[in-house]
Amino acid sequence: MCGKLLITARGVTWFLTTVLACMTLLAAIVLPTWLIGPELIPIENGDGNFTIYRQPSVGIYNRCKRMGGGEYNCGNFDLYGLATDPSIFPVPWKFTMTLMCVGTILLAMTLVCTLTTCFRVHTFCGRSVYKLIGIFQGVAAMMVLCGFIIYPLGWSEPRVKSLCGLDAEAYYPSDCNLGEALYLGATGVMLAFFSAIGSARAESAYYSVKAQQRMEEGQVLVCVP
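What comes next is a walk through the structure. (Residues numbered from 1 in each chain as written. Predicted model: local features only at pLDDT ≥ 70, side-chain atom pairs only at ≥ 80, totals over all residues. Heavy atoms only, no water.)

Focus on the nonpolar core
For step 1, the next point in the chain: The biggest cluster of nonpolar side chains holds 33 residues, and the ones touching the most others in it are Trp 34, Leu 35, Ile 60, Trp 93, Met 100 and Tyr 151.
For step 2, the next point in the chain: Of all the elements in the fold, those that place two or more residues in this core are helix H1 (9-30), helix H2 (91-116), helix H3 (129-150), helix H4 (158-164) and helix H5 (180-206).
For step 3, the next point in the chain: Look past the residues within four positions of Tyr 151 in its chain and what remains in contact with it is Trp 34, Leu 35, Ile 60, Trp 93, Thr 96 and Leu 182.
For step 4, the next point in the chain: Counting residues in hydrophobic clusters, the runner-up holds nine residues, among them Leu 6, Trp 14, Val 129 and Tyr 130. (Core = buried A, V, L, I, M, F, W, Y, C linked by side-chain atoms within 4.5 Å. Buried < 20%, exposed > 50% of the residue type's maximum accessible area, 1.4 Å probe, protein only. Helix = DSSP H or I, 4+ residues; strand = E, 2+ residues; numbered from the N terminus. Contact = heavy atoms within 4.5 Å.)

With respect to the state of the cysteines
As used here, a disulfide is simply a covalent bond connecting the sulfur atoms of two cysteines.
For step 1, the next point in the chain: This structure, assessed with the given rule, holds two disulfides.
For step 2, the next point in the chain: Covalent S-S linkage joins Cys 64 and Cys 74, the inter-sulfur distance amounting to 1.9 Å. The chirality of the disulfide connecting Cys 64 with Cys 74 is right-handed, given an S-S dihedral of about 110 degrees. Of this pair, Cys 64 sits in strand E6 (residues 62-66) while Cys 74 sits in strand E7 (residues 72-76); the two residues are 10 residues apart in sequence, bridging distant segments of the chain.
For step 3, the next point in the chain: Note that Cys 164 is cross-linked by a disulfide to Cys 176, the S-S spacing being 1.9 Å. (Disulfide = S-S within 2.5 Å.)

Let's talk about the side chain of Thr 96
For step 1, the next point in the chain: Relative to the elements of secondary structure, Thr 96 occurs in helix H2.
For step 2, the next point in the chain: You can call Thr 96 buried: its relative accessible area is 0%.
For step 3, the next point in the chain: Separated by 3.3 Å, the side chain of Thr 96 and the backbone nitrogen of Tyr 151 make a polar contact.
For step 4, the next point in the chain: Leave out the neighbours within four places in its chain, and Thr 96 touches Trp 34, Ile 60, Gly 147, Ile 150 and Tyr 151. (Polar contact = N/O pair within 3.5 Å; in protein donor to acceptor, adjacent residues only side chain to side chain.)

What follows is the structure, given as structure tokens:
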């Protein structure tokens, strides 16, 4: 069977959904806009011709804020990784970052595995490759979802109170707004679950009558809807 390809519309959709899930989750991890503070920071251009306004924000391991000299700076606050002092890097956010990173890496690994199905590799140790990949994608989605559920527990920490107000507490961000990074991550979680579901649909397309007939005919490249 070496060198023979089977491409289905459902398989391509499954692959693209997994790609989008990985990309949105990665973007959510690196962007510093999970929570956006109410303060407006004026920033003038070099010539003083115009002023733009930025808002301080914080992500799961980085932040953007006004520095001592008045400039607007973005950077990491996890200086020592997970060993960073909890007053600087809240423990719930450490769990969130760990779960999101591990889940995204696992999802990316399944993305590579989906390519093997194009080469008509449909079983591994007697088990369906589609089902195995779907299980791992479901596990990855659950890990990231757990990270999202844990994340708001860190809103009661001093770092968030200084940004959002003293009334901030777990699951209540006070004066802060939820940023686009958090919505990107939520979209990534949904896409990851859709990927897990899509594995079953891709498997049904593989075993469709049309696909099986063309493979029995010895066609090297089989493309079916």
